[in-house]
Amino acid sequence: MQRSLVVSIHDVAPATRARVERIVTQLAQSGVVRCSLLVVPDYHHLGSSLGDERFTAWLRELEGKGHEIVIHGFYHQRSPRVGQSARQKLLTSVYTADEGEFFDLDYEEALRLLRKAQREFAARDFHPVGFIAPAWLLGAEARRAVVDAGFRYTTTLRAVSDLAAGAEFVSQSLVYSTRSKWRRVLSLGWNRTLFSCLTTNPLLRLGIHPPDIEHQAIWRQIRAVVDAALRDRRAATYRSWLAEHASTRHETSNIL
Ligand SMILES: [Zn+2]
């Protein structure tokens with residue numbers, strides 16, 4: 001089977017566009033010609049991303065080059081809940097800096113936001129098949145809504161879920177935390193170890209956030225990971241990887 005590298009760029013919105021452009025350009029120079037772009041429909045309530053025509057034109061151009069548009073949350077901001085447990089508080093406030101928007105949404109609200117996002121994208125002729133929750137935190141009810149809204153796949157930190165086929169592919173994503181110096185130091189060590197553990201996995205996943213490019217040591221490691229990965233892997237998007245994987249599975253079952 002073809003070994004693959006899927007690079008996903010998180011938090012794509014008009015507010016992060018300048019950084020994302022630099023990331024996309026530099027990755028292309030390294031040979032990552034396609035990425036999965038995780039677009040937030042209304043990042044931090046700053047306004048509809050696709051309502052920004054220049055942003056939309058830029059997305060269309062990227063899609064034309066082979067990049068994939070994925071829906072990533074709706075506001076990428078979690079409203080505080082009444083009566084949440086200490087564990088929930090820890091997860092959503094400390095771990096994700098209150099960005100775990102789809103962590104504990106109920107089914108109805110999750111479905112409403114997903115359908116709203118789908119309508120906004122479809123109105124501009126974008127038809128994403130993937131939904132990825134902010135910080136990969138997707139609660140059980142929200143996950144059910146993702147399935148019912150017709151998304152083909154979702155991902156978590158540890159796996160890619162092919163919702164259409166009911167299959168799960170385990171591959172932990174490399175991802176960096178840049179919020180403080182100690183997190184950056186830990187991130188570098190952790191991702192170095194994780195990368196070496198994933199050498200035999202047919203799928204390598206690398207999640208990039210816009211601030212990553214501002215931290216020299218982090219960005220240097222990301223470039224090194226990409227260079228090393230592309231020696232024997234091909235850059236894919238989640239969508240293209242799943243399509244290829246489904247056909248491989250089909251061929252295998254035909255042989256058997
Ligand atoms: Zn995000």
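Refer to the structure presented above.
Here the residue numbers are simple positions, counted from 1 along each chain's written sequence. With the structure being a predicted model, the display of local features is reserved for residues of pLDDT at least 70 and the display and counting of side-chain atom pairs for 80 or more, all residues being used for whole-chain, interface and lining totals. To get the side-chain values, take all heavy atoms of the structure and skip hydrogens and water.

Draft legend 1. Expanded view of the overall build of the protein. Think of it this way: any DSSP run of H or I at least four residues long counts as a helix, any run of E at least two long counts as a strand, and we number them from the N terminus. Across its full length, the protein carries eight helices and nine strands. Of all 256 residues assigned to the protein, the portion counted as buried reaches 51%. We call two residues contacting when some pair of their heavy atoms lies within 4.5 Å. Contacts in the protein between residues far apart in sequence, at least 24 positions, make up 74% of those at least 6 positions apart. Calculation of accessible area relied on Shrake-Rupley with a 1.4 Å probe; when residues are assessed, cover is drawn exclusively from the protein chains displayed. Split by element, the accessible area of the protein, about 12100 Å² in all, is 54% carbon and sulfur. In this scheme, a residue with accessible area under 20% of its type's maximum is buried, one over 50% is exposed, and one in between is partly exposed, where area comes from a 1.4 Å probe on protein chains only.

Draft legend 2. Molecular detail of the packing of aromatic side chains. Classification of ring pairs rests on two measures: the distance between centres of Phe, Tyr or Trp rings, Trp counted by its six-membered ring, which must be within 6.5 Å, and the angle between planes, read as stacked under 30 degrees, edge-to-face over 60 and tilted in between. With the rule as written, the count across this model stands at six aromatic pairs. Between F74 and Y75, the aromatic rings sit 4.8 Å apart at their centres with planes inclined by 75°, giving edge-to-face as the arrangement. Of the two residues, F74 and Y75, both sit in the buried class. Ring geometry for F169 versus W241: centroids 5.0 Å apart, planes at 90°, classification edge-to-face. In this pair, F169 sits in strand 6 (residues 167-170) while W241 sits in helix 8 (residues 238-255), placing the two residues 72 residues apart along the sequence. An aromatic cluster is built from F102, F131 and F151, whose rings are joined through pairwise contacts. The ring of F126 has R60 lying over it, and the distance from NZ or CZ to the ring centre is 4.6 Å. To sit over a ring, a charge needs its Lys NZ or Arg CZ within 6 Å of the ring centre and within 35 degrees of the ring normal. Across the ring face of Y107, the terminal group of R144 is positioned such that the distance to the ring centre comes to 4.3 Å.

Draft legend 3. Structural context of the environment of F169. On the basis of relative accessible area, F169 is assigned to the buried category, the value being 15%. Residues F169 and R158, spaced eleven residues apart in sequence, show a C-alpha to C-alpha distance of 8.6 Å.

Draft legend 4. Here's a closer look at unusual backbone geometry. At H44, a position not held by glycine, the phi torsion is positive, near 50°. When you line up the elements, H44 lands in the loop between strand 2 (36-39) and helix 2 (53-64). Overall, H44 belongs to the partly exposed group, its relative accessible area being 24%. With phi around 60°, H45 is a residue other than glycine that occupies positive phi space. Within the secondary structure, H45 is located in the loop between strand 2 and helix 2.

Draft legend 5. View of the pairing of strand 8 (residues 203-208). Taking burial as the measure, the six residues of strand 8 include six buried ones, the bulk of the element. Residues L203, R205 and G207 point to one face of strand 8 and L204, L206 and I208 to the other, with burial holding for every one of them. Only strands joined by at least two bridges in the DSSP assignment are considered to pair. Examined bridge by bridge, strand 1 (residues 4-12) and strand 8 share six bridges and lie parallel to one another. What sits directly across from V6, in strand 8, is R205.

Draft legend 6. Structural view of the coordination of the zinc ion. With water omitted from the atoms examined, metal sites may look incomplete; donors here are N, O and S atoms no farther than 2.8 Å from the metal, or 3.2 Å in the case of Na, K and Ca. Taken together, D11 (OD), H72 (NE2) and H76 (NE2) make up the full set of protein donors to the zinc ion, lying 2.0 to 2.1 Å away. Sequence spacing of the donors to the zinc ion: D-x60-H-x3-H.

Draft legend 7. Region of the structure containing the sheet that holds strand 6. Read from one edge to the other, the open sheet built from three strands follows the order 4-5-6, with strand pairing classed as antiparallel. The sheet is open, and its two borders are formed by strand 4 (153-155) and strand 6, each paired with just one other strand. Pairs of neighbouring strands in the sheet enclose a mean axial angle of 15°, with direction left out of account. In this structure, strand 4 lies alongside strand 5 (residues 159-162), joined through three bridges in antiparallel fashion. The partner of Y153 across the bridge, within strand 5, is D162. A fitted line through C-alpha atoms serves as each axis, taken over the contacting stretch for helices, and the angle formed by two N-to-C directions is quoted from 0 to 180°.

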